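Remarks on the overall topology
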Amino acid sequence: MKQPERLPDFPTGGCAVVIGGSGGIGRAIAVQLAERGCDVALNYFSGPGRAEETAELVRGAGREVHVAKVDLRDEAVVKEFVDDASDHFGGVHTVVYAAGPYIPMRFISQQPASAFREVMEHDAFGCYHLIQAALPRLRTSKGSFTALVTPAIRRNAVRDILSAAPKAAIEQLVKAVAAEEGRFGVRANAVGVGVITDGLYHALVESGDFDQRFLDASRQVMALKRLGTADEVAEAVVFLASARARWITGQTLMVDGGYAI
Ligand SMILES: NC(=O)c1ccc[n+]([C@@H]2O[C@H](COP(=O)([O-])OP(=O)(O)OC[C@H]3O[C@@H](n4cnc5c(N)ncnc54)[C@H](OP(=O)(O)O)[C@@H]3O)[C@@H](O)[C@H]2O)c1
């Protein structure tokens, strides 16, 4: 019997844009995309050091990389970054939103409105700016958009409103993009990241927000009884971004060890 032709996972031309590529999860995504043959454009926000480390890993995987500073709150800067990446690599076939600010974990009664406003500016508005900059490029390439969210948008997690509220907005943006842009061949999906031992984890442990009691309780409610890794999250992101997921759009895949069940 003749085997059906297997499409390549990603096009040979153009690049993948990873916003948050200097972060723990963004780095794992950038490297896995490079290992699957993608050139990568990635950003940093607070300092170039971690972005350069990611860039070295992308080069080590044999791909080209473009690095620039981007503050997601600045719409014009976000557009310039996506346009530059497209000009540099000859298009953009994949856009991944893997950014977000540090989130202090407090009860709403202890959280000033200014903290809520600030996180919405970085995260929800930042993602909106990225989507607006990316859509013309993704229409041309019939590409995909994938955003990191959190399982706390399904199962409430106390003291986590600064993560859950913007991510709920982002999940709705992803669904709307999927519904509106599907006719142009553009797909959009989200990945809900459970408690993992990479990225923000280190700062949360250092600040005491993730103490032993919290980590033990998190493990206990997960079906798989262990914390995850950035690589495990990246596997799901890269699958959803790839042609293997070509008939999947508007979905949120929880990669959380069974936390949100
Ligand atoms: N790690 C977890 O357990 C977990 C769980 C659920 C959801 N998430 C979400 O997953 C995403 C990535 O998390 P992570 O663990 O990889 O965090 P991370 O290591 O702290 O990385 C965050 C990334 O976002 C960038 N960033 C922050 N504010 C920005 C802004 N205004 N403009 C542009 N870039 C900005 C950072 O750049 P610089 O490093 O240059 O500042 C960094 O690249 C976040 O949205 C986080 O909320 C993480």
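Source: prediction; values computed, not measured.

Below, the discussion takes up the packing of aromatic side chains. Under the definition given, this model contains two aromatic pairs. With 4.6 Å between their ring centres and 15° between their planes, Phe-210 and Phe-214 make a pair best called stacked. Taken together, the ring pairs connect Tyr-201, Phe-210 and Phe-214 into an aromatic cluster. Geometry around Phe-184 places Arg-139 over its ring, the cationic atom sitting 3.8 Å from the centre. Sitting over the ring of Tyr-259, Arg-155 keeps its end group 5.1 Å from the ring centre.

This next bit is on the layout of surface pockets. In this structure, the second largest pocket encloses a volume near 190 Å³. Around the second largest pocket, the lining comprises 15 residues; the ones closest to its centre are Asp-9, Pro-11, Lys-142, Ala-241 and Ala-243. A class-by-class count of the residues in the lining of the second largest pocket yields five nonpolar, six polar and four charged.

Next up on the list: helix α1 (residues 24–35). Relative to the 16 Å expected for twelve residues at 1.5 Å per residue, α1 spans 17 Å between its end C-alpha atoms, a close match to the ideal helical length. Burial within α1 is extensive, with nine of its twelve residues counted as buried. Inspection of α1 places Ile-25, Gly-26, Ala-28, Ile-29, Ala-30, Val-31, Gln-32, Leu-33 and Ala-34 among the buried residues, and these make up the whole buried set. Phi turns positive, to about 100°, at Gly-37, one or two residues after α1.

Let's shift gears to unusual backbone geometry. Phi at Arg-159 is positive, roughly 65°, even though this residue is not glycine. Here Lys-225, not a glycine, exhibits a phi torsion of approximately 55°, which is positive. Relative to the assigned elements, Lys-225 resides in the loop between α7 (212–221) and α8 (230–241). You can call Lys-225 partly exposed: its relative accessible area is 44%.

This part takes up the site of the ligand. With respect to spatial proximity, 27 residues lie near the ligand, and among them Ser-22, Ser-46, Arg-50, Ala-99 and Lys-167 are the closest. A distance of 2.7 Å separates an oxygen atom of the ligand from a polar side-chain atom of Ser-22. The contact in question runs from a nitrogen atom of the ligand to an N or O atom on the backbone of Asp-198, over 3.5 Å. For the ligand, whose accessible area on its own is 900 Å², the fraction buried by protein is 93%. Elements that contribute at least two residues to the shell around the ligand include exactly α1, β2 (39–44) and β5 (144–149). Grouping the constituent residues of the shell around the ligand by class yields twelve nonpolar, eleven polar and four charged.

Scoring rules and cut-offs
- Residues numbered from 1 in each chain as written.
- Predicted model: local features only at pLDDT ≥ 70, side-chain atom pairs only at ≥ 80, totals over all residues.
- Heavy atoms only, no water.
- Phe/Tyr/Trp six-rings, centres within 6.5 Å; stacked < 30°, edge-to-face > 60°.
- Lys NZ or Arg CZ within 6 Å of the ring centre and 35° of its normal.
- 1 Å grid on protein atoms, 1.4 Å probe; cavity = no way out; pocket = protein on both sides within 12 Å on 5 of 7 lines; lining within 4 Å.
- Points joined across faces, edges and corners; volume = space filled by probe spheres on them.
- Nonpolar A, V, L, I, M, F, W, Y, C, P; charged D, E, K, R; others polar.
- Helix = DSSP H or I, 4+ residues; strand = E, 2+ residues; numbered from the N terminus.
- Expected span 1.5 Å × (residues − 1).
- Buried < 20%, exposed > 50% of the residue type's maximum accessible area, 1.4 Å probe, protein only.
- Near = heavy atom within 4 Å.
- Polar contact = N/O pair within 3.5 Å; in protein donor to acceptor, adjacent residues only side chain to side chain.
- Areas by Shrake-Rupley, 256 points an atom, 1.4 Å probe, with all protein chains shown as cover.

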